[in-house]
Amino acid sequence: TIAVLRSNPSVCFSNTPKYDDIFNRLPPNVQWNEQQIDLIRSEAAKIPRELEEARKLKHMPYGRFPASYTDDFVSMEYRHQMRARVLSDWLELDAFLRVQENESGAALNACRALIHVGRSMGDEPGVSFLVRIVYQSHVGNTLERVLAQSEPTEDDLKTIQDTLELEMKECSWLTAMRGQRAGYHHLFENIRNGKVNSAELSAIRMRTGAPPNPVSDWIMDRFPCTALKHYAEGLQYMNRVVKSAKLMRPERVAKMEELEEEAKNSNNPVVRIFGTDVARTHRAEWRGHAILAGTTTALACERYRLKHAAWPSSLDVLVKDGLLAETPIDPVDGEPLRYRPTPVGVVIYSIGA
């Protein structure tokens, strides 16, 4: 599929003229007009072979991209991962077009393929993990529209729900943080042997947005080997991050807030850099998990509605009916996801930050 992307990377739906004006803020339960349909059809007609290849990803839940680690770890190039963004763009619009044409099964297959685009990042640390979480948001938005526009079969709904539950189970922040810790160690070994200079170290601090400390930052910029004396404490900090990753999400959220505050107030420039980076990654992780949990629950609600011709009175009903293994938990506070019936449907949400 990546080879196909190399052959025709230019067709990206969101790059079409006036795309944002035409599709901006379109509610998921509002159908496209003729202008929108014609635009997407004309763009899809340019890549029939590519779309056919992309759709095959519905059968491919596992993957990995080649990785070439740089001396400083954090300046790695992620060409394949970023190229996959075009692939997700194709599949998202393919799902929208299929559901517009009353092909709900094909639309859900495109959603499965879209999930697998994110899963192709595997258990890689760093930017790949963040890219995988971005695709989880795309899946949530796409499935919301597919559910709003169609009534898929029970079998199709269960299949896509199982796919999402696998992603929730296997997208591991613990694995990502172990990899991040190893990557930082790789960086400091290369500071020790002179492969990483002060400019690269300064760029790392700028990328993470770590709080500045003028004196220690000035010294470390000009004499990068001085960073080595700060690394032992930085490694101890990362050990505590990895330990916190083994906690259940609500306890982990509280612990990570504590660790982030510790890093902000630390006199150790390495701890400040590490703390800022992992805190940002952690917030992205629980947002992604909340989206997956909400979307999975929405699928279970739709299965319940098709079975009983009514919305469930509570999320506990979905567990009793065998549509969910357990009541979904909000990763922020450990309470059940919020569930609110409305005159036209139901709302499922996390309280967020």
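Residues numbered from 1 in each chain as written. Predicted model: local features only at pLDDT ≥ 70, side-chain atom pairs only at ≥ 80, totals over all residues. Heavy atoms only, no water.

Q: When you look at the overall build of the protein chain in this model, what are you seeing that I'm missing?
A: Tallying secondary structure elements over the protein chain gives 15 helices and two strands in all. Relative to its full complement of 353 residues, the protein chain shows a buried share of 51%. The long-range share in the protein chain, meaning contacts at least 24 apart out of those at least 6 apart in sequence, stands at 73%. (Helix = DSSP H or I, 4+ residues; strand = E, 2+ residues; numbered from the N terminus. Buried < 20%, exposed > 50% of the residue type's maximum accessible area, 1.4 Å probe, protein only. Contact = heavy atoms within 4.5 Å.)

Q: Just to check I follow, could you spell out the side chain of arginine 252 for this structure?
A: Counting through the fold element by element, arginine 252 comes out in helix 13 (residues 249-264). By relative accessible area, arginine 252 is classed as buried at 6%. Among the polar contacts listed, one links the side chain of arginine 252 to the side chain of glutamate 285, at a separation of 2.9 Å. Not counting residues up to four positions away in its chain, the partners in contact with arginine 252 are Trp173, Ser244, Ala245, Leu247, His282 and Glu285. (Polar contact = N/O pair within 3.5 Å; in protein donor to acceptor, adjacent residues only side chain to side chain.)

Q: Help me out: how do you make sense of the packing of aromatic side chains in this one?
A: Centre-to-centre distance and the angle between the planes together describe a pair of aromatic rings. Within this structure, the stated rule accounts for six aromatic pairs. Aromatic side chains tyrosine 69 and phenylalanine 73 sit 6.3 Å apart centroid to centroid with 20° between the ring planes, which places their arrangement in the stacked category. With relative accessibility at 5%, the residue phenylalanine 73 sits in the buried group. Centroid distance tyrosine 184 to phenylalanine 274: 4.0 Å. Interplanar angle 10°. Geometry classified as stacked. Of this pair, tyrosine 184 sits in helix 9 (residues 173-192) while phenylalanine 274 is found in helix 14 (residues 269-308), placing the two residues 90 residues apart along the sequence. The burial state of tyrosine 184 is the same as that of phenylalanine 274; both residues are buried. The structure contains a cluster of three or more aromatic residues connected by ring pairs, namely Tyr69, Phe73, Tyr184, Phe188, Tyr231 and Phe274. (Phe/Tyr/Trp six-rings, centres within 6.5 Å; stacked < 30°, edge-to-face > 60°.)

Q: Which parts of the structure should I look at to understand the confidence of the model for the protein chain?
A: In low-pLDDT regions, the fine details of the predicted coordinates are not to be read closely. Across the protein chain, pLDDT averages 86, with 87% of residues at or above 70. The secondary structure element of the protein chain with the lowest average pLDDT is helix 1 (residues 2-7), at 50, and the one with the highest is helix 15 (residues 315-320), at 96. (pLDDT = per-residue confidence, 0-100.)

Q: So what exactly am I meant to see when it comes to helix 5 (residues 79-100) here?
A: Each α-helix winds once per 3.6 residues, and so residues spaced three or four apart point in a common direction. The terminal C-alpha atoms of helix 5 lie 33 Å apart, and with 22 residues this matches the ideal 32 Å at 1.5 Å per residue to within 8%. Within helix 5, 18 of the 22 residues are buried, which leaves the element mostly enclosed by the surrounding structure. In the segment just after helix 5, asparagine 102 is the residue with positive phi, at about 65°. (Expected span 1.5 Å × (residues − 1).)

Q: Explanation requested: the pattern of salt bridges in the structure shown.
A: Here the idea is simple: oppositely charged side chains can pair when their charged atoms come close. Overall, the coordinates contain 26 salt bridges when judged by the stated rule. Between arginine 192 and glutamate 189 there is a salt bridge; the shortest N-O distance is 3.5 Å. Taken together, the residues span about one helical turn, with arginine 192 and glutamate 189 both in helix 9 at a distance of three residues. Here arginine 252 and glutamate 285 are joined by a salt bridge, their closest N and O atoms 2.9 Å apart. A residue pair is termed long-range when its members are at least 10 positions apart, and arginine 252 in helix 13 and glutamate 285 in helix 14 qualify at 33 residues. Each member of the pair, arginine 252 together with glutamate 285, is buried. Through salt bridges with shared partners, a single ionic network connects Glu52, Arg55, Asp94, Arg98 and Glu103. (Salt bridge = Lys/Arg side-chain N within 4 Å of Asp/Glu carboxyl O.)

Q: Looking at this structure, how should I read the pairing of strand 2 (residues 345-349)?
A: In the case of a regular strand, side chains alternate between the two sheet surfaces. Two strands pair when backbone bridges link them, and strand 1 (residues 338-342) and strand 2 are joined in this way by five bridges, in the antiparallel orientation. Bridge pairing in strand 2 places tyrosine 339 opposite isoleucine 348. In this antiparallel pair of consecutive strands, strand 1 and strand 2, the connection spans two residues. (Pairing = 2+ DSSP bridges.)

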